[in-house]
Structures are given as structure tokens and as C-alpha cells.
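# Notes for the structure review
What follows is each chain in one-letter form.
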Amino acid sequence: MAYDTENIFAKILRGEIPCDKIYEDEHALAFEDINPQAPIHVLVIPRGAYVSMDDFTTSASDAEIAGFMRAVGNTARQLELASPGYRILANIGEDGMQEVPHLHIHLFGGKKLGPMLKTTG
Ligand code: 5GP
């Protein structure tokens, strides 16, 4: 899938629409999810134009991949989640039910999060 430069996270990266910023560095931006599914629900996105984790791990440089993963950890530490713990998740493609076609890691925390996946359906 070609990268859509008009996707909502591309617009957030360009500053065309606002976000509640949590963390940023040269590789990544982290901001609050607009529809939180946990007391803490933050999205971490790479600055580069990558559709998904598949695209990212195919085409990004080692420095981009390392920098992005470091940024996920830095975001969690900034939110003081390392000790109580947290969950990360990335939806990829149709079966993964990815809605926004710019790679994003969901970071959930702030309570015991329960089972990882629904066991029915
Ligand atoms: P996906 O289903 O693609 O893994 O997750 C997309 C996420 O982006 C959803 O959790 C949704 O609430 C969030 N989202 C969609 N549009 C916006 C937006 O304009 N701003 C923010 N902060 N989050 C958004």
C-alpha cells in the first residue's frame, strides 16, 4: 500500500491538526489517543512516512527502527509506567483492523489491563 500523505497522523506530524503531545524526539512523536481505551492511552508514531509495522521493518533504516523503539520506551518512562507496567500493541492491515495508515504503537496503562485479547468472536 502506498503511503497516503493526507492521513490524519501525517497531518499531526506536520502540525496541521493539533494533538496532546506527550513526548517527541528526532525519530518519533507520542500523543494522547483521541478515544482512550485505558486511563493512559498514548500513540507513538515514527516521523518517517511508513504505513505499518510491515512497511517500517521492510524499508526503514536501522537508525530509524532503533530510534523509534527507544522512543516507545522513553514515552513509557516519561509516563512513569515502567514500574506498574503497561501494554503496547500495533494493528497492521485489514485483519489487524488498522484504521490509520501511518505506523503507530498504542501504549496502554494506568490500571490492570486484563486479558490481552477477547477470547470470543
Ligand atoms: P488503529 O485502529 O489504526 O490501530 O488506531 C487508530 C487510533 O487512532 C485509534 O485508537 C483512534 O482513537 C486514534 N485516532 C484517530 N484519529 C485521531 C486523531 O485525530 N487524533 C488522535 N489523537 N487520535 C486519533
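Structure shown above.
All of these numbers come straight from a predicted model, not from anything done at the bench.

So, on to the pattern of salt bridges. What the rule picks out here adds up to four salt bridges. Between Glu 24 and Arg 47 there is a salt bridge, with its nearest N and O atoms 2.8 Å apart. Taken together, the residues span a long stretch of sequence, with Glu 24 in strand β1 (residues 21–24) and Arg 47 in the loop between β3 (40–46) and α2 (53–59) at a distance of 23 residues. Its relative accessible area of 34% is what places Arg 47 among the partly exposed residues. Overlapping salt bridges bring together Glu 6, Arg 14 and Glu 16 as one network.

Here Asp 55 lies in helix α2. Although Asp 55 is buried, it makes no salt bridge; Arg 14 carries the closest opposite charge, 14 Å away. Among residues more than four places away in sequence, those in contact with Asp 55 are Ala 49, Tyr 50 and Ala 60.

This brings us to the packing of aromatic side chains. For the structure on display, the rule yields three aromatic pairs. Ring geometry for Tyr 50 against Phe 56: centres 5.1 Å apart, planes inclined by 70°, an arrangement best described as edge-to-face. Owing to a relative accessible area of 2%, Phe 56 belongs among the buried residues under this scheme. Counting every residue linked through ring pairs, the aromatic cluster contains Tyr 50, Phe 56 and Phe 68.

A few words on the nonpolar core. Counting 17 residues, the largest nonpolar core has Ala 30, Val 42, Val 44, Phe 56 and Phe 68 as the members making the most contacts within it. Those residues within four positions of Val 44 in sequence are excluded, and the remaining contacts are Ala 28, Leu 29, Ala 30, Phe 68, Val 72, Thr 75, Leu 103, His 104 and Ile 105. Ile 12, Phe 31, Ile 45 and Val 100 belong to the second-largest nonpolar core, a separate cluster that totals seven residues.

Turning our attention to the site of the ligand. Neighbouring the ligand are 16 residues, the closest being Asp 33, Asn 91, Glu 99, His 104 and His 106. Interatomic distance of 2.5 Å between a side-chain N/O atom of Asp 33 and an oxygen atom of the ligand. Between an oxygen atom of the ligand and a main-chain N or O atom of Met 97, the distance comes to 3.4 Å. The fraction of the free accessible surface of the ligand (520 Å²) that becomes covered by protein chains is 85%. Those elements giving two or more residues to the shell around the ligand turn out to be α1 (8–13) and β2 (28–32). For the shell around the ligand, the leading source of residues is α1, giving three residues. Of the residues belonging to the shell around the ligand, the class tally is eight nonpolar, five polar and three charged.

Rules and cut-offs
- Residues numbered from 1 in each chain as written.
- Predicted model: local features only at pLDDT ≥ 70, side-chain atom pairs only at ≥ 80, totals over all residues.
- Heavy atoms only, no water.
- Salt bridge = Lys/Arg side-chain N within 4 Å of Asp/Glu carboxyl O.
- Helix = DSSP H or I, 4+ residues; strand = E, 2+ residues; numbered from the N terminus.
- Buried < 20%, exposed > 50% of the residue type's maximum accessible area, 1.4 Å probe, protein only.
- Lys, Arg positive; Asp, Glu negative; His and termini not counted.
- Contact = heavy atoms within 4.5 Å.
- Phe/Tyr/Trp six-rings, centres within 6.5 Å; stacked < 30°, edge-to-face > 60°.
- Core = buried A, V, L, I, M, F, W, Y, C linked by side-chain atoms within 4.5 Å.
- Near = heavy atom within 4 Å.
- Polar contact = N/O pair within 3.5 Å; in protein donor to acceptor, adjacent residues only side chain to side chain.
- Areas by Shrake-Rupley, 256 points an atom, 1.4 Å probe, with all protein chains shown as cover.
- Nonpolar A, V, L, I, M, F, W, Y, C, P; charged D, E, K, R; others polar.

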